[in-house]
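# Residue-level structure breakdown
Chain by chain, the residues run as shown.
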Amino acid sequence: MDSTEFRKRGMEMVEYICNYLETLGERRVTPSVEPGYLRHLLPSEAPHEPEDWDQIMNDVEDKIMPGVTHWQHPRFHAYFPAGNSFPSILGDMLGDGIGCIGFSWAASPACTELETIVLDWLGKAIGLPDHFLALKEGSTGGGVIQTSASECVLVTMLAARAQALKRLKAQHPFVEEGHLLSKLMAYCSKEAHSCVEKAAMICFVKLRILEPDENASLRGQTIGEAMEEDELQGLVPFFVSTTLGTTGSCAFDNLPEIGNELKKFPCVWLHVDAAYAGNSFICPELKPLLKGIEYADSFNTNPNKWLLTNFDCSTLWVRDRIRLTSALVVDPLYLKHGYSDAAIDYRHWGVPLSRRFRSLKLWFVLRSYGISGLQHYIRHHIKLAKRFEELVLKDKRFEICNQVKLGLVCFRLKGSDKLNEKLLSTINESGKLHMVPASVNDRYIIRFCAVAQNATAEDIDYAWDIIVDVANELLEKEQH
Ligand code: PLP
């Protein structure tokens, strides 16, 4: 493909994307295909000779689209939103066009510097303390874009582990490092995302999973008691991962209490995972949900969830960037450059070396919508969630299972888990609506999230009508 054809095909692709997004509501939300469906439709080997572009695009519509789950669909209410917007798509397109690999400042100065600036912009908008900002006088912190929240949790746990091992090694210089490692204990709530467990597996450290209270919120006393117990057993608490906006029910750990408790354990790294909810803190009225952030060593949120930015764009801020990078620095000669001491090299802030120009899309989004436009978007989703909550509350056969603070409503039919499982599977099989379940406080609940960028009140009402229709059928069957 030369640039003349790229111009033509690029225009066609924009047209295809616009048509796709504008007519999405006419498709099934979820595909009705079986595993292996695509293997039967595509050849088993790559073509030896070049193929015609039109033929490739025909196959997109005929073979790929039937197997796509449409996350931007107005009746997709599963998981959390997958951020998407035209400015963001254009940002990714430009980043792909530039095609630089910004692992160090020298590898592409604008790629590094824009990331630092944009992360400071977003950090300020969210209301993070100044010590998380890279360009604030006297600050030792800063922000970085990672691929996912899982990676944010992993790198902060790696940094905390390196710091703890260094300290233990200084205290016990003749004890083997493997033995010291076996003493380290990390903590999180049962409601924390499974990525904390995965990070502990990768870091080869123990993880103590703690019971939250009846509102799915981890409390300070629970953490404090667990750490004291573990210390008595000769273990070394080194890392706590808290969550603001849990995946299951968008619950909030009690950060002020936990931070206060951790004053007794000053060497413990406190991480705050706000993958979904963190984006909403750009709204002044939601900033109280961030209370206690002053105690944290690191904080992450995913603009690629709830800030109209396409995957991947997971933002992480740390209080002390040296503590992060000292766990991750490797410095071969071929990566050194003349400004290594004066500039940020983001390759030291994460696992991969190569990095895409991801800040472009976030910059485009922040500039095109402005903070006010993004606040409007967040508030719109919250309003839709509140509308859904009201509909559920009006029907006495149902109950609400979470405190609806943001865009997620958890609900269930009053009845057995089995009945609710049947309700959800019947709805999902219909292809008209898509939701996923969660287990919160050991109860099966159904999650309904406001997801589509331009979802309307009618979309919410329509979704509720489908839920009620299926529930009526099920309950009627149960009676006979
Ligand atoms: N943390 C929380 C609170 C989440 O809700 C999620 C995903 O929904 C994750 C972490 C994992 O996110 P990622 O897919 O970016 O790793």
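Okay, so let's go over this structure. Predicted, not measured: the structure shown is a model, and the values here were computed from it.

Lining the immediate environment of the ligand, one finds 13 residues, of which A149, S150, T247, D273 and N302 sit closest. Interatomic distance of 2.5 Å between a side-chain N/O atom of S150 and an oxygen atom of the ligand. Interatomic distance of 2.8 Å between a side-chain N/O atom of T247 and an oxygen atom of the ligand. Computed on the free molecule, the ligand has an accessible area of 400 Å², of which 85% lies beneath the protein chains in the complex. Taken together, the residues of the shell around the ligand sort by class into 4 nonpolar, 7 polar and 2 charged.

What follows concerns the packing of helix α1 (residues 3–22) against helix α2 (residues 53–64). For the pair α1 and α2, interaxial distance at closest approach is 12 Å and the crossing angle is 15 degrees. In terms of axis orientation, α1 runs roughly parallel to α2. Between α1 and α2 lies a crossing of right-handed hand. Every residue of α2 that contacts α1 at E5, R9, M13 and Y16 is listed here: W53, D54, M57, V60 and E61.

Take the sheet that holds strand β4 (residues 236–243) next. Within the open sheet, the 7 strands sit side by side as β1-β7-β6-β5-β4-β2-β3. Their pairing is mixed. Strands with a single pairing partner mark the edges of an open sheet, and in this sheet they are β1 (142–146) and β3 (206–210). Strand-to-strand twist of the sheet, defined as the mean angle between neighbouring strand axes without regard to direction, takes the value 20 degrees. Note that strand β5 (residues 269–273) and strand β6 (residues 298–301) share 3 bridges and pair parallel. Across the sheet, the residue bridging to V272 is F299, located in β6. Packing of helix α4 (residues 109–126) onto the sheet brings it into contact with β1, β6 and β7 (314–318), and relative to β7 it is tilted by some 80 degrees. Packing against the sheet, helix α8 (residues 220–232) makes contact with β2 (184–189), β3 and β4, and its axis sits at approximately 140 degrees to β3.

So, on to the packing of aromatic side chains. Within this structure, the stated rule accounts for 15 aromatic pairs. Summarising the aromatic geometry, the rings of F238 and F239 are spaced 6.1 Å apart at their centres and angled 35 degrees between planes, so their arrangement reads as tilted. Accessibility expressed as a relative area gives 0% for F239, which makes it buried. When the centroid spacing of 6.0 Å and the interplanar angle of 45 degrees are considered together, the rings of F299 and W317 count as tilted. Residue F299 is found in strand β6, and its partner W317 is found in strand β7; the two are separated by 18 residues along the sequence. You can call F299 buried: its relative accessible area is 0%. W317 gets classed as buried once you look at its relative accessible area, which sits at 0%. Taken together, the ring pairs in this structure connect F388, F398, F411, F448 and W464 into an aromatic cluster.

Rules and cut-offs
Within each chain, residue numbers correspond to sequence positions counted from 1 in written order. Reporting in this predicted model follows two pLDDT cut-offs: at least 70 for local features of residues, and 80 or more for side-chain atom pairs to be given and counted; totals over whole chains, interfaces and linings ignore these cut-offs and use all residues. Only hydrogens and water are set aside; all other atoms, that is, all heavy atoms of the structure, feed into the side-chain values. Here a residue is near a molecule or strand as soon as one of its heavy atoms is found within 4 Å of it. The term polar contact refers here to a pair of N or O atoms within 3.5 Å; inside protein, the definition further demands a hydrogen-donor-capable atom paired with an acceptor-capable atom, and it admits residues adjacent in sequence only when both atoms are side-chain atoms. Computed with a 1.4 Å probe, the accessible areas rest on the Shrake-Rupley method; for each residue, only the protein chains presented here act as cover. Residues are grouped as follows: nonpolar covers Ala, Val, Leu, Ile, Met, Phe, Trp, Tyr, Cys and Pro; charged covers Asp, Glu, Lys and Arg; every other residue, Gly included, is treated as polar. Think of each axis as a best-fit line through the C-alpha atoms, taken over the contacting stretch in the case of a helix, with angles from 0 to 180 degrees between the N-to-C directions. Segments assigned H or I by DSSP are reported as helices when at least four residues long, segments assigned E as strands when at least two residues long, and all are numbered from the N terminus. For this classification, under 35 degrees means roughly parallel, over 145 means roughly antiparallel, 65 to 115 means roughly perpendicular, and everything else is oblique. Two helices that cross are described as forming a left-handed crossing if the nearer one is turned anticlockwise from the farther one by less than a right angle, and a right-handed crossing if clockwise. Contacts between residues were defined by any pair of non-hydrogen atoms, one from each residue, lying within 4.5 Å. Should DSSP find at least two bridges between two strands, the strands are regarded as paired. A pair of Phe, Tyr and Trp rings is counted when the ring centres sit within 6.5 Å of each other, with Trp represented by its six-membered ring. The angle between the planes then sorts it: under 30 degrees is stacked, over 60 is edge-to-face, the rest tilted. The rule is simple: take the accessible area with a 1.4 Å probe, protein chains only, and divide by the maximum for that residue type; under 20% is buried, over 50% is exposed, in between is partly exposed.

Purely geometric stuff here, so don't read any function into it on its own.
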